[in-house]
Amino acid sequence: MVIMEAFSLQNRAYDLYTKTKSQDLPKLWYGSHRGTSPRMVFGKTSKIDFKVVKYNVLGKFLGWEDVRGETLQLCPDRQSVMDAAFVFGTSYSQSCTLDVLALLQGVPEPVFYEMFLQYEDEEGHVRLWPVPVENPAILTNNQASHLRRFFLVDGLSGRKVNLTNVPATVTFAAELILSVYLPTGTPGGDNPPFLLTVKYARRSSTGVAQVSFSVSYIQDPGTAQQATDIAFGALGFLAIIYAFLETSTWTRRSRLPNISFMVIVKFFANFSGSLANVFFMVSLGIGIYWLIVFKGQQFSAVERTLPTAGSQIETNFIIYLLSALVLKSLDLIHILITQLTVSIFLIDWEKPKERGTAKASMGYQKATSSVSAWRTFLIANEWNEIQTHRKVNPSLQLFAVLLLLEVVGLKNLTSRDLNVNLHPGPNAYHAPWSPILRFGIAASVWLAVGIVQVLFSVGLYERFVEDKIHQFVDLCSLSNVSVFILTHRCYGFYIHGRSVHGQADVGMDTMLTYIRKEEENLCALRGLEAYSDVQTFEVLLTDRTRAFYDRITLSFMEVPRGAHIRPDLHKQRLNGYFALNRFLVSFFEHRYKDMDYMVKDKFFLERIMDMEFQEPGDISTLYNDDRALFSRTLFYSHELVLLLFEILVFSAVDLAAQDFVLSTIVTFVVQKFVKMLRNTLGRRNLAEKTLVEKQFLI
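Residues numbered from 1 in each chain as written. Predicted model: local features only at pLDDT ≥ 70, side-chain atom pairs only at ≥ 80, totals over all residues. Heavy atoms only, no water.

An unreviewed UniProt entry lists the protein under the name Meckelin-like isoform X2, with Podarcis lilfordi given as the organism.

**Looking at the overall build of the protein**
Operational definition: Only DSSP runs of H or I with at least four residues qualify as helices, and only runs of E with at least two residues qualify as strands; both kinds are numbered from the N terminus onward. Residue exposure (1.4 Å probe, protein chains only): buried if accessible area is under 20% of the type maximum, exposed if over 50%, otherwise partly exposed. Contacts were defined at the residue level, with two residues in contact if any of their heavy atoms lie within 4.5 Å. Only the protein chains shown count as cover for residues, and all accessible areas are computed by the Shrake-Rupley method using a 1.4 Å probe.
A count of helical and extended segments in the protein gives 17 helices and 22 strands. In the protein, which comprises 698 residues, the proportion classed as buried is 49%. For the protein, the proportion of contacts with a sequence separation of at least 24, taken over those separated by at least 6, is 71%. For the protein, the accessible area works out to roughly 35000 Å², and carbon and sulfur atoms hold 60% of it.

**Quick notes on the packing of helix α9 (residues 394-407) against helix α17 (residues 660-690)**
This is how the line gets drawn: What counts as an axis is a line fitted to C-alpha atoms, over the stretch in contact for a helix, and the angles between N-to-C directions run from 0 to 180 degrees. Angle categories: roughly parallel below 35 degrees, roughly antiparallel above 145, roughly perpendicular from 65 to 115, and oblique for all the rest. Classification convention: Asp, Glu, Lys, Arg as charged; Ala, Val, Leu, Ile, Met, Phe, Trp, Tyr, Cys, Pro as nonpolar; all other residues, Gly among them, as polar.
In the contact formed by α9 and α17, the axes pass within 10 Å of each other and the chain directions differ by 175°. In terms of orientation, α9 and α17 fall into the roughly antiparallel class. Touching P394, S395, L398, L402, L405 and E406 of α9 are F660, V661, T664, T667, F668 and Q671, all from α17. Looking at the contact of α9 with α17 residue by residue, the class counts come to seven nonpolar, four polar and one charged.

**Here's the deal with the UniProt feature "transmembrane region" (unreviewed entry) in the protein**
The cut-off we apply is this: UniProt positions are given in the numbering used here, feature names are shortened, and annotations may be inferred rather than shown by experiment.
Per the UniProt entry, the sites bearing "transmembrane region" (unreviewed entry) are residues 230-247 and 267-292 in this numbering. When the span residues 230-247 is considered, its composition is 100% helix and 0% strand, and the gap between its end C-alpha atoms is 26 Å. Counting secondary structure, residues 267-292 comes out at 100% helix and 0% strand; the distance between its end C-alpha atoms is 37 Å.

**Concerning the pairing of strand β4 (residues 61-66)**
Walk down a regular strand and you will see the side chains alternate between the two sheet faces. As a reminder, the rule being used: The pairing criterion for strands is at least two bridges between them, as found by DSSP.
Pairing between strand β3 (residues 50-55) and β4: five bridges, direction antiparallel. Note on β4: the bridge partner recorded for Y55 is F61. Hairpin geometry of β3 and β4 is characterised by an intervening segment of five residues between the two adjacent antiparallel strands and by a positive phi of about 85° at G59.

**A look at the packing of aromatic side chains**
As a reminder of what qualifies: Centre distance within 6.5 Å is the pairing criterion for rings of Phe, Tyr and Trp, where only the six-membered ring of Trp is used; planes under 30 degrees apart are then read as stacked, over 60 as edge-to-face, and the remainder as tilted. Charges are assigned to positions over rings by a cutoff of 6 Å between ring centre and Lys NZ or Arg CZ, combined with an angular limit of 35 degrees from the ring normal.
Using the criterion set out here, one finds 36 aromatic pairs in the structure. Ring centres of F244 and F267 lie 4.8 Å apart, and the angle between their planes is 40°; on these two criteria the pair is classed as tilted. Placement of the pair is F244 in helix α5 (residues 224-253) and F267 in helix α6 (residues 261-295), with a sequence separation of 23 residues. Centroid distance F583 to Y592: 5.5 Å. Interplanar angle 45°. Geometry classified as tilted. Y592 gets classed as partly exposed once you look at its relative accessible area, which sits at 25%. Here a set of aromatic residues connected by ring pairs shows up, and it is made of F484, Y494, F537, F548, Y549, F583, F587, F588, Y592 and Y597. Sitting over the ring of Y55, R149 keeps its end group 3.9 Å from the ring centre. Here the basic side chain of R253 rests over the ring of Y491, its NZ or CZ set 3.7 Å away from the ring centre.

**Quick word on the pattern of salt bridges**
Pairs may arise between side chains of opposite charge once their charged atoms sit close together. The condition that has to hold: Between Lys or Arg on one side and Asp or Glu on the other, a salt bridge is scored when a side-chain nitrogen of the former is within 4 Å of a carboxyl oxygen of the latter.
Under the counting rule described, the total for this entry stands at 28 salt bridges. A salt bridge links E314 to R416; its shortest N-O distance comes to 2.7 Å. Of the two residues, E314 sits in helix α7 (residues 312-340) while R416 sits in the loop between α9 and α10 (435-464), which places them 102 residues apart along the sequence. Note on R416: relative accessible area 7%, which makes it buried.

**Overview of the nonpolar core**
Note the following rule: To form a nonpolar core, buried Ala, Val, Leu, Ile, Met, Phe, Trp, Tyr and Cys residues must be joined to one another through side-chain atoms within 4.5 Å.
Counting 56 residues, the largest nonpolar core has F280, L405, F439 and I647 as its most contacted members. For this core, the elements supplying multiple residues, two or more each, are α5, α6, α7, α9, α10, α16 (639-657) and α17. Ranked by residue count, the leading element in this core is α6, at 13 residues. Sequence-distant contacts of L405, that is, excluding residues within four places in its chain, are made with L410, K411, I441, A442, V445, F650 and F660. Membership of the second largest hydrophobic core comes to 42 residues, among which are V67, Y113, V133 and L152.

**Looking at the sheet that holds strand β19 (residues 491-495)**
Across the sheet, six strands lie side by side as β15-β18-β19-β20-β22-β21; this open sheet has mixed pairing. Edge positions in the sheet fall to β15 (343-348) and β21 (597-600), since each of these pairs with one other strand and no more. The mean angle between the axes of side-by-side strands here comes to 20°, regardless of whether they run parallel or antiparallel. When β19 meets strand β20 (residues 536-540), the two strands line up antiparallel, connected through five bridges. Counted as the bridge partner of G492 is V539 from β20.

**Comments concerning α17**
Short version of the rule: How far a helix is expected to stretch is found by multiplying one less than its residue total by 1.5 Å. Counting of polar contacts relies on pairs of N or O atoms within 3.5 Å, with two restrictions inside protein: one atom must be capable of donating a hydrogen and the other of accepting it, and residues adjacent in sequence are counted only when both atoms are side-chain atoms.
Counted at 1.5 Å a residue, the expected span for α17 with its 31 residues is 45 Å, and the 44 Å between its end C-alpha atoms agrees. The N-terminus of α17 is capped by D659, whose side-chain oxygen sits 3.0 Å from the backbone nitrogen of V661. With its phi angle positive at about 65°, L691 sits one or two positions after the end of α17.

**A closer look at the environment of S214**
Among the structural elements, S214 can be located in strand β14 (residues 208-219). The spatial distance from the C-alpha of S214 to the C-alpha of Y92 is 5.2 Å, given a sequence separation of 122 residues.

**Points about the packing of α7 against α16**
What counts here: Here a crossing is called left-handed whenever its near helix is offset anticlockwise from the far helix by less than a right angle, and right-handed whenever the offset is clockwise.
Direction vectors running N to C along α7 and α16 enclose 140°, while the axes themselves pass 9 Å from each other. What the angle tells us is that α7 and α16 run oblique. Judged by the twist between their axes, the crossing of α7 over α16 is left-handed. Across the interface between the two elements, I318, L321, L322, A324, L325, K328, S329, D331, L332 and I335 from α7 touch V641, L642, L644, F645, L648, V649, S651, A652 and L655 from α16. Its residues assigned to classes, the contact of α7 with α16 comprises 15 nonpolar, two polar and two charged.

**Overview of unusual backbone geometry**
Look at A628: it is not a glycine, yet its phi comes out positive at around 55°. Within the secondary structure, A628 is located in the loop between β22 (620-624) and α16. Under the relative-accessibility criterion, A628 is labelled buried at 6%.

Here's what the structure looks like:
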């Protein structure tokens, strides 16, 4: 009779609910054709409207209750937060610690619940659908069974001897998990859209209970992973080809006839940079994809949700991101090693003015040159200054990114719910952050700010205010000093700084006269060839020329440096320096018929692919360069590598701490460290190769 009465009351209550309608209820949708099977559709503002039927231990019907009331709310003072849990598309997780006696006082006798979803059918009628309940402790054929009823607190089964005694143990629902499967199907179909999982725990009546409630959204990854694998395959193949081309170019420019250990190392160094770009592009694509697809469901049915925390998709994403950071770090180290080991020499074109002879203390006479060394020191200092010059201001970059993320509030777009409010209220529910969305928005903002800085620097600042790279070339011409750089064994760059006036070691009035003549076109052009103003070149030397160059440099590079070296060794160093200066001056003046050179333009495809198609002949080649490619030996031409490295450092720190402010601080420290390392070691290499003491490099 009790059971019959309960079902009778349940039916009457059901009839009462079907006579009412709610505009927020989910509706069945048939798609574009009426004949298609219906499925449940939720919008951004839709509420998941659950009802429960309550029974006592005797099976007596106690009535209906809204789940958003006190039913599943074991934690006190969390009602406003609980309401956010039933907004569709909002991942939710909440836990608290309570005394077992407090639970027992709230529910002295077990209450059994049946959970229903309230929705509208295709005809607009309000319907109820029973939500299946799963208890992992109850297995059927080694699988969890779907039940109908569940309870929250059981203090009855733990009572011994007498039911009026205080229970020794209390069984309670330690974990309630509401799983929502997307895209939502039809209630009662083969794939139910909702499943409630209840995990029970037993504690002594004097113990402490840890309880939690969470809502998770689960969906079939579909072809997302397959698309990612295809992207990796295609881009990875291109990375291998690009690494092969770079290594082949390096081998030809280094005149290495066979594959050696260094060639293999160079290939893997080039491949690490290319593969890092692949990992970054795929990771950025994943972040932007989920940012658009998930957050873009503002005015349509919610059919996609973010990968759950700890899912395989999210784990793979973290692996991609960290792999990109490691590989890009190797790429940066490779660039630093290349730049810090270049061979550089400053060619002084100034002709000495002899001032007679003077007796030397060692018993011989020597000519005292009147050529000043300060012009060479000036060029060395300017080169030392522009070694870490960049198109982007790193400090401004960090400030702008942090301003957009924290102050403007773009970081609030990275929550696991559909909220796109940049400034949510202090009492609003804050869903957990998504590492995929945080990287997507952070990397996008970083790239956007960086691109704006580069466009401003190249398009406006360098054109109308200051261009340090081309100003350096102009300063070389005024100082009558050229710069000869070798980045490979037989390849490098040449900046022609020979003054068209013949001398640069002159007074202020004479220098102003020289400049005025150039402004009025009353003198020759600054270029290496007659009637040409091209001053920068790519240099491809022959083996014979490089061998002669090495013989001279070894004569003074092997001599120890320092202020207390023997006078004969010091004289040997100076003789080697002057010999190399004379050789390079004679070489560029075409004085060596067996070590001559020609000047030509590169083919269009050679410029695009950055390689030389023609086999090296018996004479060296100087390729006209109107793009100042010598800046490849500086930070200036590696802005993309530095930008991506800083993005990955910033994102990796945020991945661990989920704090953009801390990420900014760590990235700033890393920036300063890399710059200091490049300055210190670059200054040492410049002093060793040009014989300009470090004390003069300010």
